[in-house]
Structure formats: structure tokens, C-alpha cells
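# Examination of the molecular architecture
Spelled out, the chains give:
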Amino acid sequence: MIGNLPKVAIGLSRKFMLDRKRKLAGLPAHPSAGQMRQTPINVILSAGRTFVCDSVPLERFVTVSKTLGVTINDVFACCVAGAVRRLLSDLNYNPDAHPLIGGTPFGGTRPEGMEGLGNFVTQDFCWLRSDIADPLARLHASHEANVEMKEHLKEIREANADFNAVMQILPPWAIKIMRKAIHRAGGRVGFAGNLVLSNVPGPKQALYLDHWKVANWFSSGQIIDGTALTSRCGAIAAGQYLHAD
């Protein structure tokens, strides 16, 4: 923690300058957890849990992405936004009021000497355009949001001010304090925004348990106070299907 502190401090100052430069250029602020507005999915976690999953042939996503000149991730983000839009309407919340903020994990840089000790991920935020009813317009807006997020993530990674770098200097007690603060806020703030939005690639070859072939694989994402919904997608069986939960 002490060894990384000077490097991260310099990185955060660079990030501040990047945000300032963006503001002076008249560009909108990059989405962050602090900008989220509370919705019915941003609550304190209870004892109840619901897990819902579905499977869609990957070629459907590929066909749409190639036809409209977007990525599979863009199509996935558009589908999630449409599903969340319907969910908010069912919960008597107006989805047209504002877009949501999705916390999106990416593979992080594993520190030297910490091989094999769990996942090392970084995170950035994107606008989830659940406020757009038209599917095609929502898809193009999702594409723009993802492009902006990737460019922003590249900048803060180069500045050494991304989520992964910051987490390397935070002691465990600091994270506990943050979680307690979110709990006391009653879900008005979320460490990962309104919801977690993750596209996790599965194995590229068929897997077996003895002589039984793995037919389905469903990832399950993290949920925390304030961010009580996670949407994840992963490919399985040599990329034949996308499984979303």
C-alpha cells in the first residue's frame, strides 16, 4: 500500500486534470457512481435473492452487430437497457426520467508476486440508455456510451488512476467504512452505480467433468447495498450461445 501510494497520488492528480480538460472543452462529465439517481433497484439488500437466466444463440448477436456496424457488447448493453426499462415500468418508476449508470468491470493488471490469488479487475462507468424506448436509437446510444467509456478507461489506466490502482492503496478498514456509509444512505448511492453490467467470456472450448460435457454455464455477479441488480452475459460451448442473468 505504501509503495503504491505516490504513484496512485500522481495518477489521481492526472485524472483530475483530464476531467478539468474535458469540462473546459464543453464535454459532458464522464458518468460516475456519484452521479447516480436512486431508483427502485437501488435499495438495501434483503435476505431474498432472485436469479433469472436465459440463453440466446450467439449468431443473433453477431448478425445484429455486423448488420448495424456495432459490437456484440453494444447489442448486449442495448438488450439490458431494454429489460431494465421494462422492469422500472413494472415497478411504477418512469424510465424516461434519466439514463442509468452501469458499473462495468474489466480485467485489471495483476500485481507482481500475486499470481493465482483471485481476480484482479478494474472498473469504469457507462450510461445505460434505459431512457430510450426505440430499440434502434437505444442501440446507437449504447454504442456511443461504450466508445466513450473505453476511451476514458484507456486514459485513466495510462494515468494509473483506475479502480484497480486505487484499490491497491485502500486498506480493508476503509472499504468497510464505505460499505457502512452506503448502507446508512439506504441505497441512495451505490459503489458500482445503478447496476453492474458485465460481459464475461466463457471457455472457448468444450469442457468435461469426467465423461459429462458441460452444456450450460451461468455466471453470477456481485450485488451490494445500493446496487442490488447485476446483469451478466457469458459465452459457452465454443461460443455457440450467450447466457445472460
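Keep in mind that this is a model prediction, so the values were computed, not measured. (Residues numbered from 1 in each chain as written. Predicted model: local features only at pLDDT ≥ 70, side-chain atom pairs only at ≥ 80, totals over all residues. Heavy atoms only, no water.)

## Points about the environment of Gly-102
Along the chain, the position of Gly-102 falls in strand β2 (residues 100-107). For Gly-102, a relative accessible area of 0% corresponds to the buried category. As a C-alpha pair, Gly-102 and Ala-33 span 69 residues in sequence and 8.6 Å in three-dimensional space. Setting aside residues up to four positions removed in sequence, Gly-102 forms contacts with Asp-124, Phe-125, Cys-126, Ala-192 and Leu-195. (Helix = DSSP H or I, 4+ residues; strand = E, 2+ residues; numbered from the N terminus. Buried < 20%, exposed > 50% of the residue type's maximum accessible area, 1.4 Å probe, protein only. Contact = heavy atoms within 4.5 Å.)

## Comments concerning the pattern of salt bridges
Scanning the model with the defined rule gives two salt bridges in all. Asp-96 is the salt-bridge partner of Arg-85, the closest N and O atoms lying 2.7 Å from each other. One end of the pair, Arg-85, is in helix α3 (residues 72-90); the other, Asp-96, is in the loop between α3 and β2, with 11 residues separating them in the sequence. You can call Arg-85 buried: its relative accessible area is 15%. One salt bridge connects Arg-129 with Asp-131, and the closest N-O pair in it is separated by 2.9 Å. Asp-131 gets classed as buried once you look at its relative accessible area, which sits at 17%. (Salt bridge = Lys/Arg side-chain N within 4 Å of Asp/Glu carboxyl O.)

## Structural notes on unusual backbone geometry
At Asn-92, a residue that is not glycine, the phi angle is positive and equals roughly 60 degrees. Assignment of secondary structure puts Asn-92 in the loop between α3 and β2. Backbone geometry at Asp-210 places phi at a positive 60 degrees, although glycine is not the residue there. One can find Asp-210 in the loop between β5 (208-209) and β6 (212-213).

## Re α3
Its 19 residues place the ends of α3 27 Å apart at the C-alpha level, agreeing with the 27 Å of an ideal helix rising 1.5 Å per residue. Downstream of α3 by a residue or two, Asn-92 has a phi angle that is positive, lying close to 60 degrees. (Expected span 1.5 Å × (residues − 1).)

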